[in-house]
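Residue strings, one per chain:
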Amino acid sequence: MSYPIEVALRYLGSKKRAFISVGTTFAILGVALGVAALATVMSVTGGFQAEFREKVLGVNAHVLVIKYSTDFREYRTIMEQVSKVPGVIGVAPFSINPMMLTHGDATATGVLVKGVDPARSLGVGAEGASTAVLDLPRHILPGGDLAGLRRPGSKPAERAVPSLPDVPVLEPDAGARGALAPDAPAPDAGAEIDLLKAYEARIREDERAAAARDAALAPPTSRAAEADGAPDARDEEAEVAVAEGAPRGAIEPQGGYGSVLPDDDELPPEVDPDPCADKEQIARMPGIVIGAALAKNLSLELGQCVTVTSPTIGFSFANGAIKPPVAKRFRVIAIFEAGFEQYDTKLAYADLYETQAFYDQGDTVTGVEMKVDDIDNASGIAREISKLLGSGLYYTMDWEELNHGLFTALRIQQIGMSAVLALIIVVAAFTVIATLIMVVLDKKKEIAVLKAMGATDAAVLRIFLYQGGIIGVAGTTLGLLLGVAVCKGLLVYGFPLDPKVYFISHLPVQARPQEFIITGCIAILICLAATIVPSLYAARLRPAEGFRAQ
C-alpha cells in the first residue's frame, strides 16, 4: 500500500482532533442519505412505468394498424401482409365503439365495447401454432370462461341494403334536350329541372294511388255520400254504426274520479316477456367480458344478462338506410380485473361478429392489432409495417404511441424527481469539501513536513483525492444498502394508494440493478469532483507556509 493511501486513512481516523472524525462521519451520512433517496425514487418511478406498461399491454396489443376510413373490409389482406413481418407473432382484427350498458335500473355510458376474434385475439379454441394477441385471459377472475364468447354458427355481418327509392327514368324530350338519351351530351341545368319534375310526378302518382285505396276501403254509404257532395256523411255513418248496448254519453269510471293511476306501467310477462328472466334464452345469448369495477357498478354477476345499446339519439341515416338505435342482449361469461381503473370501468369485450351488427357497415373492422416478440422493439416493427403499407390509407402506431401522454408524463416525472433528489448528493458533496478543507488547514504542518521530506505535489494531491473517494465509496455503499432495504420494505408491506387518483391500489417498486449502479457511479463522481479544490490547495502548499505559524 502506497503512503498516500495510508496517510488518507490516518486522516480519516485521526484521534487528535475529534471534529475531524465527526465531520467525516457526517459527510458519509450525507452522501448515504442522498444515494438512498435517489435510488428509492428511481425504483418507485420505474415501478410506476412497469406497472402501467403491464396493465396497458394486458388489455391492448403491441402494434396497431388503423385505416383513415370507416370502411376497412380488406383487413384479411392486411393481416396476411403484416404477419410476414419479422418479429410479429400474432395478428387479429378488432373493432371498438362507445356503447351504453344497462342492467336493471343501473346504466353505464361511454363504455368502449371492443369486438375481438376469440381464436386470434384471446387464443380460445386456437391451434397450438397460433399466438394470442391479447393477454386478457390471465386477468380473468376465477369462474370466468371465454369459450362462450362466440356462438356456434356465427358469421360476419352483412352490409345493409339502401332503402331509397329508385331514381325515376326520364324520357328524352325537347325540354330535357336529350340529356338522358344514350347519345346525348353531358347533362346540364335543364336535365336537373326535368329530374325534379319527374320526382313531383312520382309524388302526385303516389298520392292518387293512396286516395284510390282509401276510397276502395270506405263503406258504400260513405262513397255515396261523398258522391252527393255531403262532407259530414262519413261522421254520421260512423255514429250509426256504433254497436247496440255500447256506452253512450258521459261515463264515470269505476271508483269515481278519485282513483289513482299507478306510477309505473307494468305489463304482464305474457304481454311483454323479459328475455333476461328466462335462463334458457340467456344461455343462447352471445357472451361478453366486462371489467370488475363495471360489473360492480351495474350489479352484474357471471351468467346474468346485460343490454348493450348503440349511442345514437333517435333515428340515424347511414348507407342510404334509416335505422333506430340498436340494442342487443349479452350474457356475462367472464369478468376481468386489469388493475387499471380506467379499463376496469370503461372497457368490455365481445365477439367481433356481434359488434359488427350495431353498425350496418357489413364485414368491416376498426383496425388490425399485432403482438411482437420484443415489446421494446415494437416501435421499429411499427415503422417497418408503415413502410410495407405505404399507400397513405393506413396509420401504424405502437403501444407507447397509443398511450403517449401517460408514458411521457411518467418519464418526465422520473427525470425531474431524480434531478431534484440528485441535489441532495450535491449538498453532501459540499460537506465533503468542507471536511477536506478543515483537514488541510489542520494538517498544514504535516503537509509541510511531507513536502520537506521530498513528497511531490501529485502525492499530496492523491492523499486528499483518496480521502474524498473513500468518503464517497463508503457513503454510496451505505446509501445503496439503505435504498435496497427501503425498497424491500415497500414491497413487503406495501403503501396503499387511491385507485381513483393513481389508477393502482398500491405503490409499485421495481429495484433494477442498473439503476442502482448508475446512482452509485454518479454519487462517487460527485464526491471525487468535490475533492478537487481542497486537494489542489494542499498540493500547492509550500513548506515555508506550513512552518510560518510555528
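Before reading on, note that the structure itself is shown above.
Remember, it's a predicted structure, so these values are computed and weren't measured experimentally.

Asker: Explain the overall build of the protein to me, please; I cannot follow it from the model alone.
Answerer: Scanning the protein for helices and strands turns up 20 helices and 11 strands. Of all 550 residues assigned to the protein, the portion counted as buried reaches 39%. Working note: accessible area of the protein is about 31000 Å², and carbon and sulfur atoms make up 60% of it.

Asker: What is the right way to look at the state of the cysteines in this model?
Answerer: As used in these notes, a disulfide is a covalent bond between sulfur atoms, one from each of two cysteines. By the definition in use, this model includes one disulfide. Paired by a disulfide, Cys276 and Cys305 hold their sulfur atoms 2.1 Å apart. Highlighted residues: Cys276 in the loop between helix 7 (233-240) and helix 8 (279-283) and Cys305 in strand 5 (residues 305-309), separated in sequence by 29 residues.

Asker: Help me out: how do you make sense of helix 15 (residues 444-452) in this one?
Answerer: Three- or four-residue spacings in an α-helix give side chains the same orientation, since the helix completes a turn every 3.6 residues. Burial in helix 15 covers these residues: Ile447, Ala448, Leu450 and Lys451. The arc that holds the buried residues of helix 15, viewed along the axis, is 160°, so those residues lie on one side. Just beyond helix 15, the residue with positive phi is Gly454, at close to 110°.

Asker: Explain the side chain of Asp351 here, please?
Answerer: Positionally, Asp351 belongs in strand 9 (residues 347-351). A polar side-chain atom of Asp351 sits 2.8 Å from a polar atom in the side chain of Arg150. If sequence neighbours within four positions are ignored, Asp351 has contacts with Gly115, Val116, Pro118, Leu149, Arg150, Ser154 and Gly287.

Asker: Before we go on, may I ask you to explain the nonpolar core in this structure?
Answerer: Soluble, globular proteins show a tendency: their nonpolar side chains are buried together. Counting 59 residues, the largest nonpolar core has Val289, Phe336, Tyr349 and Ile385 as the members making the most contacts within it. With seven residues, the top contributor of residues to this core is helix 2 (residues 18-59). If sequence neighbours within four positions are ignored, Tyr349 has contacts with Val59, Lys114, Val116, Leu134, Leu136, Leu149, Ile288, Val289 and Phe336. One finds Leu300, Val326, Val332 and Ile335 within the second-largest nonpolar core, a separate group that totals 21 residues.

Asker: Just to check I follow, could you spell out unusual backbone geometry for this structure?
Answerer: Excluding glycine, residues mostly have negative phi values, and the peptide bonds linking residues are mostly trans. Of note in this structure, Ser299 is not a glycine but carries a positive phi near 55°. Mapped onto the elements, Ser299 comes out in the loop between helix 9 (292-297) and strand 5.

Asker: Is there a simple way to explain the packing of aromatic side chains in this structure?
Answerer: Geometry of an aromatic ring pair is reported as the spacing of the ring centres plus the angle between the planes. Inspection of every chain in the model, using the stated rule, returns four aromatic pairs. Ring plane angle 50° and centroid distance 6.2 Å describe the contact between Tyr68 and Tyr395, whose orientation is recorded as tilted. Of the two residues, Tyr68 sits in the loop between strand 1 (63-67) and helix 3 (75-82) while Tyr395 sits in strand 11 (residues 394-398), which places them 327 residues apart along the sequence. A relative accessible area of 55% places Tyr68 in the exposed class. Judged by its relative accessible area of 31%, Tyr395 falls in the partly exposed class.

Asker: Sorry, what's going on with the pairing of strand 2 (residues 88-103) here?
Answerer: Strand direction decides the pairing type here: strand 2 and strand 10 (residues 367-372), joined by six bridges, are antiparallel. By the bridge assignment, Phe94 is partnered in strand 10 with Gly367. In the sheet, strand 2 pairs with strand 3 (residues 106-116) via nine bridges, with the strands oriented antiparallel. By the bridge assignment for strand 3, Ser95 is matched with Gly115. Linking strand 2 back to strand 3 in an antiparallel pair, the connection comprises two residues, with Gly104 at a positive phi of about 65°. With three bridges connecting them, strand 2 and strand 5 associate as antiparallel partners. Across the sheet, Leu101 pairs through a bridge with Val308, a residue of strand 5.

Scoring rules and cut-offs
- Residues numbered from 1 in each chain as written.
- Predicted model: local features only at pLDDT ≥ 70, side-chain atom pairs only at ≥ 80, totals over all residues.
- Heavy atoms only, no water.
- Helix = DSSP H or I, 4+ residues; strand = E, 2+ residues; numbered from the N terminus.
- Buried < 20%, exposed > 50% of the residue type's maximum accessible area, 1.4 Å probe, protein only.
- Areas by Shrake-Rupley, 256 points an atom, 1.4 Å probe, with all protein chains shown as cover.
- Disulfide = S-S within 2.5 Å.
- Arc of directions from axis to C-beta.
- Polar contact = N/O pair within 3.5 Å; in protein donor to acceptor, adjacent residues only side chain to side chain.
- Contact = heavy atoms within 4.5 Å.
- Core = buried A, V, L, I, M, F, W, Y, C linked by side-chain atoms within 4.5 Å.
- Phe/Tyr/Trp six-rings, centres within 6.5 Å; stacked < 30°, edge-to-face > 60°.
- Pairing = 2+ DSSP bridges.

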